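Architecture at a glance
Here is what each chain is made of, one letter per residue.
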Amino acid sequence: MTNKSTHPIKPLVAGNWKMNGLRASLAEITRLKAGLGDAAADVLICPPATLVAAMADAAAGSTLMVGGQDCHQLAAGAHTGDISAAMLRDAGASAVIVGHSERRTDHGETDLVVRSKAEAALRADLVAIICVGETADQRKAGRTLELIAGQLENSMPDMAHSATTVIAYEPVWAIGTGLTPTPADIVEVHGLMRDRLAQRFGGDGHAFRLLYGGSVKPANARDLLHLANVNGALVGGASLKADDFLGILAAYHA
Ligand code: PGA
C-alpha cells in the first residue's frame, strides 16, 4: 500500500505565469531568489516562452529552475508559432508543463497529443509536468476518479520515470476561481493516482511527485500541501508575485 513516510519525496513547487509577464517582471525573480534560502522544496517558474532565456539568466547561481508552459510534440519542422522541447532546453529550461487544462480546452489537446508532448519533453531531457483534472460537470456527475484514471493512463508515456515526470492534479473548476476541493477529495484523487502509478510502474510508481494545483495561495498552502500523496503544488495567479509564492513555499518550513 502507499505509505508516504517510507518513500520520502522532495516536494516541487512550480509556478505557471501563463500569458503574463514582460521583461520588467523579472524583478520578481530577483526577489524570489533572495527569499529562497534553503527551501525544503524544489522551485520552478514557468514564464511565457519569450522570457525563458532571460529568466534562466536571472536565476543563474540559485537553485531556482525555469520551465516552459507547453512544447510541440515534434522535434522540428514547419509548425509556425510552435516551440520544440529542445528549443526550451536550449533557452535554459529544465522542465515543461504539458496538457494544462487551458491547452486542452483552448487548443483541443487530447490525451494522446499530451502524451506525445510529454515524450518530446523527455527526449529533450526536460522534466515533463503532465496535468490532469476534471471539470465541474464531471465532478457533479460522479465521474472524477474514472476521468482522472483515464487521463493519467493515456497522457503518460511508457518511458516516464519518477525522476523525469511529474503529475499535476488540477481540477478545472478550481483554477483561478478561489475554489478548492476538500482535503478528503484531494486525498482521494491523489491516492488513486498513486495506486495507478504503482500498478503501472511498480516500485517507481511510489516515487513520482504528485502536485496539487488550483487556487493554491499562501493562506491555504499549509492545509493543502501536507495531505497524503501531495508532493507539491502547481501555482498560477499566486506565482506572479514573489511574496505570494514565497508565502506558499513557507508551508514547507518547520
Ligand atoms: P491558479 O492556477 O493557481 O491561478 O488557480 C493554477 C494553474 O492553472 O496551474
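Refer to the structure presented above.
Below is a short write-up of the structure. (Residues numbered from 1 in each chain as written. Predicted model: local features only at pLDDT ≥ 70, side-chain atom pairs only at ≥ 80, totals over all residues. Heavy atoms only, no water.)

1. Describing the overall build of the protein
Scanning the protein for helices and strands turns up 10 helices and 8 strands. At 17 Å, the protein has a C-alpha radius of gyration in line with the 18 Å of a compact globule built from 254 residues. C-alpha atoms of the protein, sized along the principal axes, occupy 45 × 45 × 35 Å. Taking the contacts inside the protein whose residues are at least 6 apart along the sequence as the reference set, 73% of them involve residues at least 24 apart. Positive and negative charge centroids in the protein, built from 22 and 26 side chains respectively, lie 2 Å apart. (Helix = DSSP H or I, 4+ residues; strand = E, 2+ residues; numbered from the N terminus. Rg over C-alpha atoms; globule rule 2.2 N^0.38 Å. Contact = heavy atoms within 4.5 Å. Lys, Arg positive; Asp, Glu negative; His and termini not counted. Charge placed at Lys NZ, Arg CZ, Asp CG, Glu CD.)

2. What about the site of the ligand?
The environment of the ligand is made up of 13 residues, and the closest members are Lys-18, His-100, Glu-170, Gly-176 and Ser-215. Here an oxygen atom of the ligand sits 2.7 Å away from a polar atom, N or O, in the side chain of His-100. Between the ligand and the protein, one listed contact pairs an oxygen atom with a backbone N or O atom of Ser-215 at 2.7 Å. Contact with the protein chains hides 97% of the accessible area of the ligand, taken as 280 Å² for the molecule alone. Here the residues of the shell around the ligand sort into 4 nonpolar, 7 polar and 2 charged. (Near = heavy atom within 4 Å. Polar contact = N/O pair within 3.5 Å; in protein donor to acceptor, adjacent residues only side chain to side chain. Areas by Shrake-Rupley, 256 points an atom, 1.4 Å probe, with all protein chains shown as cover. Nonpolar A, V, L, I, M, F, W, Y, C, P; charged D, E, K, R; others polar.)

3. Regarding the side chain of His-100
Inspection of the secondary structure puts His-100 in the loop between strand S4 (95-98) and helix H4 (101-106). Among the residues examined, His-100 registers a relative accessible area of 4% and is labelled buried. Among the polar contacts listed, one links the side chain of His-100 to the backbone nitrogen of Glu-102, at a separation of 2.9 Å. Once residues lying within four places of it in the same chain are set aside, the contact partners of His-100 are Asn-16, Lys-18, Cys-131, Glu-170 and Ile-175. (Buried < 20%, exposed > 50% of the residue type's maximum accessible area, 1.4 Å probe, protein only.)

4. Some details on the environment of Gly-37
Considering the arrangement of structural elements, one finds Gly-37 in the loop between helix H1 (27-36) and strand S2 (42-46). Using a relative accessible area of 56% as the deciding quantity, one classes Gly-37 as exposed.

5. Here's the deal with the pairing of strand S8 (residues 232-235)
By the alternation rule, side chains of S8 split into Gly-232 and Leu-234 and Ala-233 and Val-235, which are all buried. Direction of pairing for strand S1 (residues 12-16) relative to S8: parallel, over a ladder of 4 bridges. From the neighbouring strand, Ala-14 faces S8, where its bridge partner is Leu-234. For strand S7 (residues 209-213) and S8, the ladder comprises 2 bridges, and the chain directions are parallel. Pairing of Tyr-212 across the sheet is with Ala-233, part of S8. Where the polypeptide runs from S7 across helix H9 (residues 218-225) and back to S8, its parallel neighbour, the crossover connection is right-handed. (Pairing = 2+ DSSP bridges. Right-handed = clockwise from strand over helix to strand, strands pointing away.)

6. Describing the side chain of His-190
Within the secondary structure, His-190 is located in helix H8 (residues 183-201). Taking the relative accessible area as the measure of exposure, His-190 reaches 0% and is therefore buried. A polar contact of 2.9 Å, which involves the side chain of His-190, links it to the backbone oxygen of Asn-229. Beyond its immediate stretch of four places on either side in the chain, His-190 contacts Tyr-169, Leu-210, Leu-211, Tyr-212, Ala-228, Asn-229 and Val-230.

7. Let's talk about unusual backbone geometry
Notably, Lys-18 is not glycine yet its phi reads approximately 55°, a positive angle. Looking at the element boundaries, Lys-18 is found in the loop between S1 and H1. With a phi angle near 60°, Ser-215 is a residue other than glycine that sits in the positive phi range. Positionally, Ser-215 belongs in the loop between S7 and H9.

8. A few points about the packing of aromatic side chains
For the coordinates displayed, the defined rule picks out 2 aromatic pairs. Measuring from ring centre to ring centre gives 5.2 Å for Phe-201 and Phe-208, while their planes differ by 50°; the resulting arrangement is tilted. The same class applies to Phe-201 and to Phe-208, which are both buried. (Phe/Tyr/Trp six-rings, centres within 6.5 Å; stacked < 30°, edge-to-face > 60°.)

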